[in-house]
Amino acid sequence: MTIQSFEIYTANGYAGDLVDSGPRVIQTGILTSASVGFGMALKRDTSVDRGCAVGSDSGAVYAITQREYNHEAGVRPSTGNDTTYLETESVSMIRQGYLYVELTGATAIAAGEALHVDNVTGAFTKVAVAGDVVACTNVFADEAGVSGDIIKVRIDIA
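Remember, predicted model here, so these are calculated numbers, not experimental data. (Residues numbered from 1 in each chain as written. Predicted model: local features only at pLDDT ≥ 70, side-chain atom pairs only at ≥ 80, totals over all residues. Heavy atoms only, no water.)

A.B. asks: Whenever I open this one, the overall build of the protein chain confuses me. Can you help?
C.D. replies: A count of helical and extended segments in the protein chain gives zero helices and nine strands. Listing every helix and strand of the protein chain by position from the N terminus yields β-β-β-β-β-β-β-β-β. Of all 158 residues assigned to the protein chain, the portion counted as buried reaches 41%. The contacts in the protein chain between residues at least 6 apart in sequence include a share of 59% that link residues at least 24 apart. Total accessible area on the protein chain stands at roughly 8400 Å², and carbon and sulfur atoms take up 52% of it. (Helix = DSSP H or I, 4+ residues; strand = E, 2+ residues; numbered from the N terminus. Buried < 20%, exposed > 50% of the residue type's maximum accessible area, 1.4 Å probe, protein only. Contact = heavy atoms within 4.5 Å. Areas by Shrake-Rupley, 256 points an atom, 1.4 Å probe, with all protein chains shown as cover.)

See the structure below:
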């Protein structure tokens with residue numbers, strides 16, 4: 001008898017996916033800056049009611065963009081990172097709880113360490129703090145990872 005091996009949709013998830021159904025604080029904001037992908041850092045923008053922009057406020061991340069399945073995939077089958085929130089769109093974001101993000105940069109991270117964020121792109125990394133990269137004060141890796149890995153992180157309300 002032939003043994004079949006199925007290897008589709010076997011990853012933990014994609015950037016911006018919820019980890020589980022545990023307690024969390026979520027809300028909707030209005031994106032006031034350039035487009036942003038799923039699982040990216042946002043800061044508060046008080047110039048608009050419920051406004052948010054890409055990046056952090058001196059390392060304090062206001063929220064992380066959450067994946068919404070009502071966005072149309074750019075390719076079929078979906079690669080999981082084909083869509084973004086556009087400027088002036090409503091953004092689903094998580095303020096406290098666990099979420100998956102994609103780690104960027106050449107430096108690995110260990111579980112329990114604080115992440116760094118690129119304030120231009122909103123991407124999470126562990127490369128050295130310099131220029132646009134700042135240390136997060138409220139986002140921590142829940143598992144180890146290297147560049148390109150989708151890792152579980154915890155955000156706390158700053």
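Once you've had a look at it, read on.
A.B. asks: For this particular structure, what's the right way to read the nonpolar core?
C.D. replies: One broad rule of soluble globular proteins: the nonpolar side chains tend to lie buried together. Ranked by internal contacts, the top residues of the largest apolar core, which has 18 residues, are Val 61, Ile 64, Leu 115, Phe 124, Val 139 and Ile 151. Ranked by size, the runner-up nonpolar core spans 11 residues in total, among them Leu 31, Leu 42, Tyr 62 and Ala 63. (Core = buried A, V, L, I, M, F, W, Y, C linked by side-chain atoms within 4.5 Å.)

A.B. asks: Hey, could you run me through the environment of Ala 34 in this one?
C.D. replies: When you line up the elements, Ala 34 lands in the loop between β1 (25-31) and β2 (41-45). For the pair Ala 34 and Val 54, spaced 20 residues apart in sequence, the C-alpha to C-alpha distance is 7.4 Å. Sequence-distant contacts of Ala 34, that is, excluding residues within four places in its chain, are made with Val 54 and Glu 87.

A.B. asks: I'm lost on the pairing of strand β9 (residues 150-155) in this one. Help?
C.D. replies: As a general feature of sheets, a regular strand has side chains that alternate between the two faces. Bridge count for strand β5 (residues 90-104) against β9 is six bridges, and the pairing is antiparallel. In the strand pairing of β9, Glu 102 is matched with Ile 150. For strand β8 (residues 133-141) and β9, the ladder comprises three bridges, and the chain directions are antiparallel. Note that in β9 the partner of Phe 140 across the bridge is Arg 154. (Pairing = 2+ DSSP bridges.)

A.B. asks: Could you clarify how one ought to interpret the pairing of strand β3 (residues 51-54) in this entry?
C.D. replies: Sheet topology places β1 next to β3; two bridges connect them, and they run parallel. Across the sheet, the residue bridging to Ile 30 is Gly 51, located in β3. When β2 meets β3, the two strands line up antiparallel, connected through four bridges. Paired with Asp 45 across the two strands is Gly 51, which belongs to β3.

A.B. asks: Sorry if this is basic, but what is going on with unusual backbone geometry here?
C.D. replies: Both trends apply: most residues other than glycine have a negative phi, and most peptide bonds are in trans. At Ser 58, a residue that is not glycine, the phi angle is positive and equals roughly 55 degrees. By secondary structure assignment, the location of Ser 58 is in the loop between β3 and β4 (63-65). Overall, the relative accessible area of 67% leaves Ser 58 in the exposed class. With a phi close to 80 degrees, Thr 88 is a non-glycine residue in the positive phi region. Residue Thr 88 is classed as exposed on the basis of its relative accessible area of 61%.

A.B. asks: Help me understand the packing of aromatic side chains, please; the structure alone is not making it clear to me.
C.D. replies: Any aromatic ring pair is given by two values, namely how distant the centres are and how the planes are angled relative to each other. Throughout the structure, instances matching the rule amount to one aromatic pair. Here Phe 38 and Tyr 85 contribute two aromatic rings whose centre-to-centre distance is 5.4 Å and whose plane-to-plane angle is 90 degrees, an arrangement assigned as edge-to-face. Residue Phe 38 is found in the loop between β1 and β2, and its partner Tyr 85 is found in the loop between β4 and β5; the two are separated by 47 residues along the sequence. Comparing Phe 38 with Tyr 85, the two get one shared label, buried. Directly above the ring of Tyr 98 sits Arg 154, whose terminal nitrogen or CZ lies 5.2 Å from the centroid. (Phe/Tyr/Trp six-rings, centres within 6.5 Å; stacked < 30°, edge-to-face > 60°. Lys NZ or Arg CZ within 6 Å of the ring centre and 35° of its normal.)

A.B. asks: Would you mind going over the side chain of Asn 138 with me for this structure?
C.D. replies: Tracing the sequence through the fold places Asn 138 in strand β8. Within the structure, the side chain of Asn 138 is placed 2.8 Å from the backbone oxygen of Val 61, a separation counted as a polar contact. Within the local environment of Asn 138, its side chain forms a polar contact with the backbone oxygen of Asp 156, the two atoms lying 2.7 Å apart. Here Asn 138 is in contact with Gly 59, Ala 60, Val 61, Arg 154, Ile 155, Asp 156, Ile 157 and Ala 158, once residues within four sequence places are set aside. (Polar contact = N/O pair within 3.5 Å; in protein donor to acceptor, adjacent residues only side chain to side chain.)

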